[in-house]
Amino acid sequence: MNRIVQTVWDLAQPVAAAQGVELWDVTYTKEAGQWYLRVYIDKDGGIGIADCETFSRAFDPILDEADPIEGSYVFEVSSAGAERELKRPSDFQRFSGERVEVKLYKAVDGSKTFTGTLSGYDEASGTLTIETPAGPRSFEKSAVASVHLRVF
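Below or above, wherever it landed, is the structure these notes cover.

About the cut-offs
- Residues numbered from 1 in each chain as written.
- Predicted model: local features only at pLDDT ≥ 70, side-chain atom pairs only at ≥ 80, totals over all residues.
- Heavy atoms only, no water.
- Pairing = 2+ DSSP bridges.
- Helix = DSSP H or I, 4+ residues; strand = E, 2+ residues; numbered from the N terminus.
- Axes fitted to C-alpha atoms, helices over the stretch in contact; angles between N-to-C directions.
- Contact = heavy atoms within 4.5 Å.
- Phe/Tyr/Trp six-rings, centres within 6.5 Å; stacked < 30°, edge-to-face > 60°.
- Buried < 20%, exposed > 50% of the residue type's maximum accessible area, 1.4 Å probe, protein only.
- Polar contact = N/O pair within 3.5 Å; in protein donor to acceptor, adjacent residues only side chain to side chain.
- Salt bridge = Lys/Arg side-chain N within 4 Å of Asp/Glu carboxyl O.

**A few points about the sheet that holds strand β6 (residues 127-132)**
Here is step 1 of the chain: If you walk across this open sheet you meet the five strands as β7-β6-β5-β4-β8, and the pairing is antiparallel. A strand with exactly one partner marks an edge of an open sheet, and here the two such strands are β7 (135-140) and β8 (144-149). Each strand of the sheet is rotated relative to its neighbour by a mean of 40 degrees, with strand direction disregarded.
Here is step 2 of the chain: Alignment of strand β5 (residues 111-122) against β6, held across five bridges, turns out to be antiparallel. Opposite Gly120, over in β6, you have Thr129 as the bridge partner.

Following this line, the structure appears as structure tokens:
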């Protein structure tokens, strides 16, 4: 994680815990010339707009006081979403047995995208395995650009 993301994560974690939500992800990206700080939250039963608003109102003054970002940016709070990205080892363990879409940096067998059921993640080796209609496929984490849950 970069310094800004880590700082915001550390600031947001206690707010999320106090509100009974899970801090899912923090991103800081530039889109069309504008910087966006996005905090993604989750909870059992899903996140609604009221949850995002409540979190935003509680976290905004903490963020303003810490002031971890120089310059202007847009701050957004959002649900992790049904087709959320899986990043951490705990994400892969939690969603084992679920349908995922794996996107690779470079094509393998003519494709950069594979969809299947997440059947394994070896944290030590960084190997991700999915069950596809053509059989099991394993990918080194270093070759994987992203993994998202897929709702079909």
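**Thoughts on the sheet that holds strand β2 (residues 34-42)**
Consider a sheet: its strands pair through backbone hydrogen bonds, and that pairing is either parallel or antiparallel.
Here is step 1 of the chain: Across the sheet, which stays open at both edges, the three strands sit in the order β1-β2-β3 with mixed pairing between neighbours. The open sheet has two edge strands, β1 (22-31) and β3 (74-79), and neither has a second partner. In this sheet, adjacent strand axes meet at a mean angle of 20 degrees when their direction is disregarded.
Here is step 2 of the chain: Against the sheet, helix α1 (residues 3-19) contacts β1 and β2, and its axis sits at roughly 145 degrees relative to β1.
Here is step 3 of the chain: Along the sheet, helix α2 (residues 49-66) makes contact with β2 and β3, crossing β3 at roughly 145 degrees.

**Observations regarding the packing of aromatic side chains**
Here is step 1 of the chain: One pass over the structure, following the stated rule, counts six aromatic pairs.
Here is step 2 of the chain: An angle of 75 degrees between the planes, with centres 6.1 Å apart, marks the rings of Trp24 and Phe95 as edge-to-face. Of this pair, Trp24 sits in strand β1 while Phe95 sits in the loop between α3 (89-94) and β4 (99-108), and the two are 71 residues apart along the sequence. For the pair shown, Trp24 and Phe95 are each scored as buried.
Here is step 3 of the chain: Considering the side-chain rings of Phe55 and Phe59, the 5.6 Å spacing of their centres and the 35 degrees angle between planes classify their relative orientation as tilted. Placement of both Phe55 and Phe59 in helix α2 is noted, with a separation of four residues, approximately one turn of the helix. Comparing Phe55 with Phe59, the two get one shared label, buried.

**Brief notes about the side chain of Thr129**
Here is step 1 of the chain: With respect to the helices and strands, the residue Thr129 is situated in strand β6.
Here is step 2 of the chain: A polar side-chain atom of Thr129 sits 2.9 Å from a polar atom in the side chain of Ser138.
Here is step 3 of the chain: Residues in contact with Thr129, not counting those within four places in the same chain, are Thr117, Leu118, Ser119, Gly120, Pro136, Arg137 and Ser138.

**Description of the pattern of salt bridges**
Here is step 1 of the chain: Tallied over the full model, the rule gives 13 salt bridges.
Here is step 2 of the chain: The partner of Arg94 in a salt bridge is Asp42, with the nearest N and O atoms 3.5 Å apart. Of the two residues, Arg94 is situated in helix α3 and Asp42 in strand β2; the sequence distance between them amounts to 52 residues.
Here is step 3 of the chain: Owing to a relative accessible area of 5%, Asp42 belongs among the buried residues under this scheme.
Here is step 4 of the chain: Linked by salt bridges that have partners in common, Glu22, Asp42, Arg84 and Arg94 make up one network.

**Things to note about the side chain of Glu101**
Here is step 1 of the chain: Along the chain, the position of Glu101 falls in strand β4.
Here is step 2 of the chain: Each residue touching Glu101, except ones within four places of it in the same chain, is listed here: Thr113, Phe114, Thr115, Ser146, Val147, His148 and Arg150.

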